[in-house]
Amino acid sequence: MTLPPGQRAVDGFPRFGTHLHHPAPPIPDDPVITIGGHLTEPLALAVSDLGSLPRREIQADFHCVAGWSATGLRWAGVAFDTLYRTRIAPIVEPGASLTHVTFEGLDGFRSIVQLDDVLGDDVLIADRLDGAPLCSDHGAPVRLVSPGQYGFINTKHLCRIEFHTVAPPVTDRFSPLASHPRARVWAEERHRYLPGRAIRPIYRSLIGPIRAMSARGSSA
Ligand SMILES: Nc1nc2c(c(=O)[nH]1)N[C@H]1C(S)=C(S)[C@@H](COP(=O)(O)O)O[C@H]1N2
Ligand SMILES: [Mo]
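Numbers given for residues are sequential positions, taken from 1 along each chain in its written order. Labels follow written order: the first chain is A, the first ligand is 1, and so on. Since the coordinates come from a predicted model, pLDDT governs what is reported: local features require at least 70, and pairs of side-chain atoms require 80 or more to be given and counted, while whole-chain, interface and lining totals use all residues. Side-chain measures here rest on the full set of heavy atoms in the structure, leaving out hydrogens and waters.

A.B. asks: Can you explain the overall build of the chain? Please cite residues and give values.
C.D. replies: Helix numbering and strand numbering both begin at the N terminus, where a helix is a DSSP run of H or I of at least 4 residues and a strand a DSSP run of E of at least 2. Scanning the chain from N- to C-terminus turns up 2 helices and 11 strands. From first element to last, N terminus to C terminus, the chain shows the α and β order β-β-β-β-β-α-β-β-β-β-β-β-α. For 220 residues, the compact-globule estimate of 2.2 N^0.38 gives 17 Å, and the chain sits close to it at 17 Å. In terms of its C-alpha atoms, the chain occupies a principal-axis envelope of roughly 45 × 35 × 30 Å. Relative to its full complement of 220 residues, the chain shows a buried share of 50%. For this analysis, residues touch if any pair of their heavy atoms sits within 4.5 Å. Once local pairs closer than 6 in sequence are excluded, the contacts in the chain between residues at least 24 apart make up 68%. Of the roughly 10,400 Å² that the chain leaves accessible, carbon and sulfur atoms contribute 55%. Positive residues here are Lys and Arg, negative ones are Asp and Glu, while His and the chain termini are left out of the count. Lys charges are placed at NZ, Arg charges at CZ, Asp charges at CG and Glu charges at CD. Between the averaged position of the 22 positive side-chain charges in the chain and that of its 22 negative side-chain charges there is a distance of 8 Å. The reference for a compact globule is 2.2 Å times residues^0.38; the radius of gyration itself is calculated from the C-alpha atoms. Exposure is judged per residue with a 1.4 Å probe applied to protein chains only, and the accessible area is read against the type maximum: over 50% gives exposed, under 20% gives buried, and values in between give partly exposed. Exposure was quantified through the Shrake-Rupley algorithm and a 1.4 Å probe, taking into account, for residues, occlusion by the shown protein chains and nothing else.

A.B. asks: Describe the nonpolar core, listing the residues and the values that go with them.
C.D. replies: If you look at the biggest cluster of nonpolar residues, it comprises 54 residues, and the most contacted ones within it are Trp 75, Phe 80, Ile 161 and Phe 163. For this core, the element with the highest residue contribution is strand 5 (residues 68-79), accounting for 6 residues. Discounting chain neighbours no more than four positions away, the residues touching Phe 163 are Ile 35, Gly 36, Gly 37, His 38, Leu 39, Phe 80, Tyr 84, Ile 88, Leu 98, His 100, Val 101 and Leu 115. We define the nonpolar core as a collection of buried residues of types Ala, Val, Leu, Ile, Met, Phe, Trp, Tyr and Cys that are connected through side-chain atoms lying within 4.5 Å of one another.

Given below as structure tokens:
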């Protein structure tokens, strides 16, 4: 098994995230993903409707920017490109050229991606993991799964998608761990300014503490 540069396999699939010790956010009775931005009309996609759209299943490894990888995960859901082609492309504002997408979670977490980085056929709005409905530790009711990009792109508890015509402003510009805007794992795009290799030891030192804290907020 080959992992991307600087990654180490872990057993199982830990809960991990900037939510740290906070438990997963409560799920609304009828969860919806609101979709907006440069569209002629806003959309609301009921999570329950994901079952009726064309489905896709993938097997993939999951790579956190801190350096751990969970291997052989089986995700199921709707491919983002299916959603994009069938529901979004027909209602793009006339003349608008979409460049970026933001994904927001019920806990306020947000990821920013380049549109073309999430149109690959392995990028899913996932509602199932390893044959079961997605649990709250891993992002219930639905999450973004983009296996070619580091974990922080893979927003859990997805509740909003927004389409942009310019790159939205980043909030971590002056952070020592300023994240790379594309975050592609095989190119080791861990950091906005520094080579991925250089930042490995700092990230690695954070795995233990973040993992322990995240486990405290776990529902398991
Ligand atoms: N809503 C939300 N999504 C999130 C996070 C978070 O804190 N909140 N953390 C991100 C980070 S840094 C990682 S590595 C992965 C971890 O996913 P897991 O908890 O399923 O292992 O979720 C990502 N998506
Ligand atoms: Mo992460």
